[in-house]
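What follows is the residue order along each chain.
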Amino acid sequence: VIGRMTVDQMSFNVYQPNNGEPAEGDLINGWRSAAIRPIVRNKIISIAAHSTAQLIFPKVFAWDSQSDSQEGAAKVMEDLMEWSAEQSKYYDTSMNAVIAACVNPASIYYTEYGEVYRTVKKEKDESGRWVPEKMLDEDLSGFKDTPVPVDELYIENFYESDIQKQGWLIWRRVIGYDLASTKCGNCENFKYVKPGVQLIFNDVNQTFYESYDSNMRQDSVEEIIYFNKKMDLKLIMMNGVLLTDFDNPNPRVDKLYPFVKFGYELVDEGKCFYYKSLAFKMQSDANIINTLYPMIIDGTYLNIF
């Protein structure tokens, strides 16, 4: 899955080795064209733009108990939906989600509602020192939709398409220490979290020890969120430190996973968790065009020579 995602992303970004330039000192082939037409990229952006513009907001119809049409109520509901979308930047989220489905094996988004406060300084006291106070962080609060790359989400069953039927889900990502402290700084165990340092348990002597993580920068934190529907769990761990209670429940009232997943095309009869992306589907056609395109340019050069 990760290999497929890497190849498709390079195709979408019109990747060329060595920046598309001929090898230095290659006098024999240096004149040949390395031009590539962005077939895959243009098609994906066109499809994403058209589908998002037509489907971003549904049409609302309202009737009363007597089955009479209520156009005013429908208009109010549409205005409320648009206002909510503006607050949560739903326009960008929809566009990015469709592009992700066209490029990657799956488009996965995590949705949540939160109230995050940060410490600010507005006034000085009598001694001339700044007085810290709590203020709502509007950038991190409210309804938030976060893209989840397929290489960050670990699933239980590869052959189960419905994400809500997965036994457990593990979301692993690396974030900055400042962001981690803003989100989880009020947790009792966060004082044990050190940026760039993992807390590891040794089964042999039954002790914990700290180890520098060579895969992370020294100002980063590895965040792991574990969901288990059967046990009704949502556990948050940062750099090996458990920040929630060991039996912390899923805060959603419906107890569903706060993830949504979709893709471009099926790869089997509908059992596989992942999909075939548009970039994968168009790769053969793009290879043919990008083989003939430089040949036409090279032939023109030869005729001029």
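What counts and what doesn't
Residues numbered from 1 in each chain as written. Predicted model: local features only at pLDDT ≥ 70, side-chain atom pairs only at ≥ 80, totals over all residues. Heavy atoms only, no water. Helix = DSSP H or I, 4+ residues; strand = E, 2+ residues; numbered from the N terminus. Rg over C-alpha atoms; globule rule 2.2 N^0.38 Å. Buried < 20%, exposed > 50% of the residue type's maximum accessible area, 1.4 Å probe, protein only. Pairing = 2+ DSSP bridges. Axes fitted to C-alpha atoms, helices over the stretch in contact; angles between N-to-C directions. Contact = heavy atoms within 4.5 Å. Core = buried A, V, L, I, M, F, W, Y, C linked by side-chain atoms within 4.5 Å. Salt bridge = Lys/Arg side-chain N within 4 Å of Asp/Glu carboxyl O. Polar contact = N/O pair within 3.5 Å; in protein donor to acceptor, adjacent residues only side chain to side chain. Parallel < 35°, antiparallel > 145°, perpendicular 65-115°, else oblique. Left-handed = near helix turned anticlockwise from the far one by under 90°. Nonpolar A, V, L, I, M, F, W, Y, C, P; charged D, E, K, R; others polar. Expected span 1.5 Å × (residues − 1). Arc of directions from axis to C-beta. Phe/Tyr/Trp six-rings, centres within 6.5 Å; stacked < 30°, edge-to-face > 60°.

Chemist: Just to check I follow, could you spell out the overall build of the chain for this structure?
Modeler: A count of helices and strands for the chain gives seven helices and twelve strands. Here the chain has a C-alpha radius of gyration of 26 Å; the compact-globule value for 305 residues is 19 Å, and the former is much larger. Taken along its principal axes, the extent of the C-alpha atoms in the chain is 80 × 70 × 55 Å. Of all 305 residues assigned to the chain, the portion counted as buried reaches 30%.

Chemist: How do you make sense of the sheet that holds strand β1 (residues 107-114) when you look at a structure like this?
Modeler: Whenever strands of a sheet pair, they do so through backbone hydrogen bonds, lying parallel or antiparallel. Strand order in the open sheet made by the three strands is β4-β1-β12, with antiparallel pairing throughout. Among the strands making up the open sheet, the edge pair consists of β4 (142-147) and β12 (259-262). Ignoring which end each strand starts from, the neighbouring axes of this sheet average 20° apart. By the bridge criterion, four bridges tie β1 to β12 in an arrangement that is antiparallel. Along β12, the bridge assignment pairs Y110 with F259. Lying over the sheet, helix α4 (residues 90-103) contacts β1, β4 and β12, oriented at roughly 150° with respect to β1.

Chemist: Explain the nonpolar core to me, please; I cannot follow it from the model alone.
Modeler: Generally speaking, nonpolar side chains in soluble globular proteins are found buried as a group. One finds I108, L153, L169, M238, L243 and F259 to be the most contacted residues of the largest nonpolar core, which totals 29 residues. Contributions of two or more residues to this core are made by β1, β5 (153-155), β6 (168-176), α5 (177-184), β9 (220-228) and β10 (233-238). If we skip the residues at most four places from it in the chain, L169 touches L153, Y154, I155, I163, I225, Y226, F227, Y257 and F259.

Chemist: Hey, could you run me through the pattern of salt bridges in this one?
Modeler: A complete count under the given rule lists 13 salt bridges for this structure. The salt bridge involving K75 is made with D79; its shortest N-O contact spans 3.8 Å. Taken as a pair, K75 and D79 lie in helix α3 (residues 71-88) at a separation of four residues, close to a single helical turn. According to the relative accessible area criterion, D79 is partly exposed, its value standing at 37%.

Chemist: Whenever I open this one, the side chain of D137 confuses me. Can you help?
Modeler: Mapped onto the secondary structure, D137 falls in the loop between β3 (130-136) and β4. The buried category is assigned to D137, whose relative accessible area is 10%. Not counting chain neighbours up to four residues away, the residues in contact with D137 comprise V116, Y117, R118 and T182.

Chemist: Sorry, what's going on with the side chain of T244 here?
Modeler: For T244, the location among the structural elements is in the loop between β11 (241-242) and β12. A distance of 3.4 Å separates a polar atom in the side chain of T244 from the backbone nitrogen of I236. Contacts of T244, omitting those with residues within four sequence positions, involve K234, L235 and I236.

Chemist: Mind showing me how you'd approach the packing of helix α2 (residues 39-55) against α4 here?
Modeler: To describe two helices that pack against each other, one gives the angle between their axes and the distance between the axes. In contact at an axis separation of 9 Å, α2 and α4 are set at 140° when each is read in the N-to-C sense. As far as their axial angle goes, α4 and α2 are oblique. The hand of the α2/α4 crossing is right-handed. The residues of α4 that touch α2, namely those facing I44, A48, A49, S51 and T52, are S94, M95, V98, I99, C102 and V103. Considered class by class, the residues forming the contact of α2 with α4 number eight nonpolar, three polar and no charged.

Chemist: Any chance you could explain helix α7 (residues 283-304) here in plain terms?
Modeler: Taking 1.5 Å per residue as the helical rise, α7 with its 22 residues ought to reach 32 Å, and the 32 Å between its terminal C-alpha atoms agrees with that figure. Listed in full, the buried residues belonging to α7 are Q283, A286, N290, P294 and D298. For α7, the angular spread of buried residues about the axis comes to 95°, placing them on one side. For α7, exposure combined with an orientation more than 90 degrees from the buried face picks out S284, I288, I296 and N303. On the buried face of α7, the contacting elements are α1 (2-12), α2 and α6 (278-281).

Chemist: Got a minute to help me understand α4 in this structure?
Modeler: Note: α-helices contain 3.6 residues per turn, so residues at a spacing of three or four share the same orientation. Taking 1.5 Å as the rise per residue, α4 with 14 residues should run 20 Å; its terminal C-alpha atoms sit 20 Å apart, in good agreement. Taken together, the buried positions of α4 are occupied by T93, S94, A97, V98, A100, A101, C102 and V103.

Chemist: Looking at this structure, how should I read unusual backbone geometry?
Modeler: Positive phi is not limited to glycine here, since N239 has a value of about 50°. Classification of N239 by relative accessible area gives buried; the value is 1%. Phi at K255 is positive, roughly 60°, even though this residue is not glycine. Mapped onto the elements of the fold, K255 is located in the loop between β11 and β12. Look at K255 and you get partly exposed, because its relative accessible area is 33%.

Chemist: Could you clarify how one ought to interpret the packing of aromatic side chains in this entry?
Modeler: Each aromatic ring pair is specified by the distance between its two centres and by the angle formed by the two planes. Tallying each qualifying case throughout the model produces 14 aromatic pairs. Ring geometry for F227 against Y257: centres 6.3 Å apart, planes inclined by 75°, an arrangement best described as edge-to-face. Here F227 is found in strand β9, whereas its partner Y257 is found in the loop between β11 and β12, with 30 residues between them in sequence. For the pair F227 and Y257, one class covers both residues: buried.

In short, shape yes, function no, at least from these values alone.
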